[in-house]
Structure formats: structure tokens, C-alpha cells
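Observations on the three-dimensional arrangement
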Amino acid sequence: MSGLAIAIIGLWALAIGAVLLTQRWFSGKRLRQRRGLSAAAPSPWQKAAPGQVNRAVRQQLMRLLNGDRNTAERLLQDARFRYPGKSENWYWEKVVYDLRRDRRA
């Protein structure tokens, strides 16, 4: 093969790689936005007004998760994605209910 043919093949490989990386980056960004996981998304503790979520429900969730706030945030984000339009207290109660149900099995 001549040097020109190798250079053309190399350029095509770079172009294809750039296209694939760009597609992968944009699809990941869309998924994070659709699921509400962007970096600017407030945590559930910041999102809810103080009187909006029952304190006992917050304590139950933290007790069930041994104080793991990251897991609580992930479970609450997932509940919001699966069941849009519910009240904030409903999401917290749903996560507590699901955890208790799953641990009985």
C-alpha cells in the first residue's frame, strides 16, 4: 500500500471514531437529562420545603438505608422518573414502602 492510501484510511478511522464518541456523549447526556440526573439537579433534601415531607418518613428512610444519603437520592430520583406528577411526600413514602416490601422477600 502506498503512503497516501494509509493516510486516507487513518483519516477515515479518526472520523468514524469522532462520530462514535460524539454520539455516545450526546446519548449519555440525554439520558441523564431525561432521568433528572444532571449536575445542577438539587438533592431531595434541598428540593422539598421543610413542611412538605413528613419528618417521620425522612427518618424511616434514613434508618432503612443506614444513613446513606446517596442511595436515598438515587431511589427518590428513580421514583420521580417512574411516577411523574406525584407529591414530594408521596415519593418518600413510596421509596420507604418499596424498601420494606423488598426486604421481606
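These notes cover the structure that comes with them. Positions within a chain are numbered from 1, following the residues in the order the chain's sequence is written. Confidence filtering applies because this is a predicted model: local features only for residues at pLDDT of at least 70, side-chain atom pairs given and counted only at 80 or more, and all residues used for totals across whole chains, interfaces and linings. No hydrogens and no water enter the side-chain calculation; it runs on all heavy atoms of the structure.

**With respect to helix H3 (residues 55–64)**
Three- or four-residue spacings in an α-helix give side chains the same orientation, since the helix completes a turn every 3.6 residues. This is how it is decided: Burial classification: accessible surface area is computed with a 1.4 Å probe over protein chains only, and a residue below 20% of its type maximum counts as buried, one above 50% as exposed, and the rest as partly exposed. Going along the chain from the N terminus, every DSSP run of H or I of four or more residues is numbered as a helix, and every run of E of two or more is numbered as a strand. Comment: arc refers to directions from the helix axis out to C-beta atoms. Two N or O atoms form a polar contact when they lie within 3.5 Å of each other; inside protein one atom must be a possible hydrogen donor and the other a possible acceptor, and for residues adjacent in sequence the pair counts only when both atoms belong to side chains.
Here H3 has its buried residues at Val57, Arg58, Leu61, Met62 and Leu64. With its buried residues spanning 165 degrees around the axis, H3 presents them on a single face. For H3, the exposed residues set more than 90 degrees away from the buried face come down to Arg55 and Arg63. One side-chain oxygen at the N-terminal end of H3 lies 3.0 Å from the backbone nitrogen of Ala56; it belongs to Asn54. In the stretch just after H3, Asn66 is the one whose phi turns positive, near 55 degrees.

**Let's talk about helix H5 (residues 88–104)**
Our working definition: A helix's residues, less one, multiplied by 1.5 Å, set its expected span.
In this model, H5 (17 residues) spans 25 Å end to end at C-alpha, consistent with the 24 Å of a helix rising 1.5 Å per residue. Every buried residue of H5 is listed here: Glu88, Asn89, Tyr91, Trp92, Lys94, Val95, Val96, Asp98 and Leu99.

**Considerations on the packing of aromatic side chains**
The condition that has to hold: A pair of Phe, Tyr and Trp rings is counted when the ring centres sit within 6.5 Å of each other, with Trp represented by its six-membered ring. The angle between the planes then sorts it: under 30 degrees is stacked, over 60 is edge-to-face, the rest tilted. We call a charge positioned over a ring when the NZ of a Lys or the CZ of an Arg lies within 6 Å of the ring centre and within 35 degrees of the ring normal.
If you walk through the whole model with that rule in mind, you get two aromatic pairs. Considering the side-chain rings of Tyr83 and Trp90, the 5.4 Å spacing of their centres and the 70 degrees angle between planes classify their relative orientation as edge-to-face. Here Trp90 falls in the partly exposed class, since its relative accessible area comes to 29%. Joined through ring pairs, the aromatic side chains of Tyr83, Trp90 and Tyr91 make up one cluster. The ring of Trp92 has Arg58 lying over it, and the distance from NZ or CZ to the ring centre is 5.1 Å. Geometry around Trp90 places Lys86 over its ring, the cationic atom sitting 5.2 Å from the centre.

In short, geometric facts, not functional conclusions.
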